[in-house]
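Topology and contacts: notes
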Amino acid sequence: DSGVTQTPKHLITATGQRVTLRCSPRSGDLSVYWYQQSLDQGLQFLIQYYNGEERAKGNILERFSAQQFPDLHSELNLSSLELGDSALYFCASSVSGAETQYFGPGTRLLVL
Amino acid sequence: QKEVEQDPGPLSVPEGAIVSLNCTYSNSAFQYFMWYRQYSRKGPELLMYTYSSGNKEDGRFTAQVDKSSKYISLFIRDSQPSDSATYLCAMSAFGGGSEKLVFGKGMKLTVNP
């Protein structure tokens, strides 16, 4: 158990819908990262927050947004969902640096 | 060219074998090199990380980084069926305000009893 929690574990929804994925980092970790894992693309970095502020952006679609709250939990919002958004979404946290990112169990999203 | 290349396998070995997993990369700015293990339907689990070049050993696992060749390796000695998983290499430049990890596609390893 990494200490990073993610909810929900599974999510099934329809195209055009909006969903929110939630992540609670390990105690004391200020950085939260979101990654998407698909069969063809592998694990891809989406976005990083550090202590409530956006720190870095990867190949995150405009339909996706995220935020980190004062209690350091983070939410990833996915809107206007498409079939291709079906994937595993992972949250990771670290105290600060890249070398010790710990991953949560992931949310499996299926868009029908 | 992808920033990080990893042979996706799959790789199947008998129990007790020495396993060698490798990644190559193109971005000279990478300084941190990680290996993650991912069991089916689970999140990636950090196995080892190395800063810059050199070797690092942890039990049956040894990580090697050769920055001159842009090549990293993970060796697993005395492999066990419990080592069966997907192994992902990951790298980071760690600078300029971004600590994102860039991952290889992952190599699926099966250790047969």
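Heads up: the structure comes first, above all this text.
Now for a description of the structure that goes with this document. Since the model is a prediction, treat every value here as computed from it, not as a measurement. (Residues numbered from 1 in each chain as written. Chains lettered and ligands numbered in written order. Predicted model: local features only at pLDDT ≥ 70, side-chain atom pairs only at ≥ 80, totals over all residues. Heavy atoms only, no water.)

Topic: the overall build of chain A
- If you tally the helices and strands in chain A, you get zero helices and 11 strands.
- Relative to its length of 112 residues, chain A is compact, with a C-alpha radius of gyration of 13 Å against a globular reference of 13 Å.
- The proportion of buried residues among the 112 residues of chain A is 53%.
- As presented, chain A carries roughly 5,200 Å² of accessible surface, and 48% of it is formed by carbon and sulfur atoms. (Helix = DSSP H or I, 4+ residues; strand = E, 2+ residues; numbered from the N terminus. Rg over C-alpha atoms; globule rule 2.2 N^0.38 Å. Buried < 20%, exposed > 50% of the residue type's maximum accessible area, 1.4 Å probe, protein only. Areas by Shrake-Rupley, 256 points an atom, 1.4 Å probe, with all protein chains shown as cover.)

A word on the pairing of strand β4 (residues 32–38) of chain B
Residue and element names in this part refer to chain B.
- The element β4 is extensively covered by neighbouring structure, given that seven of its seven residues are classed as buried.
- Alternating residues of β4 divide into Tyr32, Met34, Tyr36 and Gln38 and Phe33, Trp35 and Arg37, and every residue in both groups is buried.
- Between β4 and strand β5 (residues 45–51), which pair antiparallel and follow one another directly, the connecting turn spans six residues, one of which, arginine 41, has a positive phi of 65°.
- In the sheet, β4 pairs with strand β9 (residues 85–92) via seven bridges, with the strands oriented antiparallel. From the neighbouring strand, glutamine 38 faces β9, where its bridge partner is threonine 86. (Pairing = 2+ DSSP bridges.)

Observations concerning the sheet that holds strand β7 (residues 64–68) of chain A
All names here are of chain A.
- In space, the four strands of this open sheet follow the order β1-β3-β8-β7, with antiparallel pairing throughout. The open sheet has two edge strands with one neighbour each: β1 (5–7) and β7. Within this sheet the neighbouring strands show an average axis-to-axis angle of 15°, counted without direction. (Axes fitted to C-alpha atoms, helices over the stretch in contact; angles between N-to-C directions.)

Remarks on the state of the cysteines
Residue and element names in this part refer to chain B.
- This model, assessed by the stated rule, comprises two disulfides over all chains.
- The disulfide partner of cysteine 23 is cysteine 89, and the S-S distance across this bridge is 2.0 Å. Measuring the twist about the S-S bond at about -100°, one finds the cysteine 23-cysteine 89 disulfide to be left-handed. Of this pair, cysteine 23 sits in strand β3 (residues 19–25) while cysteine 89 sits in strand β9, placing them 66 residues apart in sequence.
- With a relative accessible area of 1%, cysteine 23 lands in the buried category. (Disulfide = S-S within 2.5 Å.)

Concerning the layout of surface pockets
- Put simply, the largest pocket is a space of about 720 Å³.
- Gln37, Leu39 and Leu88 of chain A together with Gln38 and Thr86 of chain B are the residues nearest the centre of the largest pocket, which is lined by 27 residues in total.
- Listed by contribution, the elements that provide at least two residues to the lining of the largest pocket are β4 (31–38), β5 (42–50), β9 (87–94) and β11 (107–111) of chain A together with β9 and β11 (107–112) of chain B.
- Per element, the largest residue contribution to the lining of the largest pocket is four residues, and it comes from β11 of chain B.
- When its residues are assigned to classes, the lining of the largest pocket shows 12 nonpolar, 10 polar and five charged.
- If you add up the space inside the second largest pocket, you get close to 330 Å³. (1 Å grid on protein atoms, 1.4 Å probe; cavity = no way out; pocket = protein on both sides within 12 Å on 5 of 7 lines; lining within 4 Å. Points joined across faces, edges and corners; volume = space filled by probe spheres on them. Nonpolar A, V, L, I, M, F, W, Y, C, P; charged D, E, K, R; others polar.)

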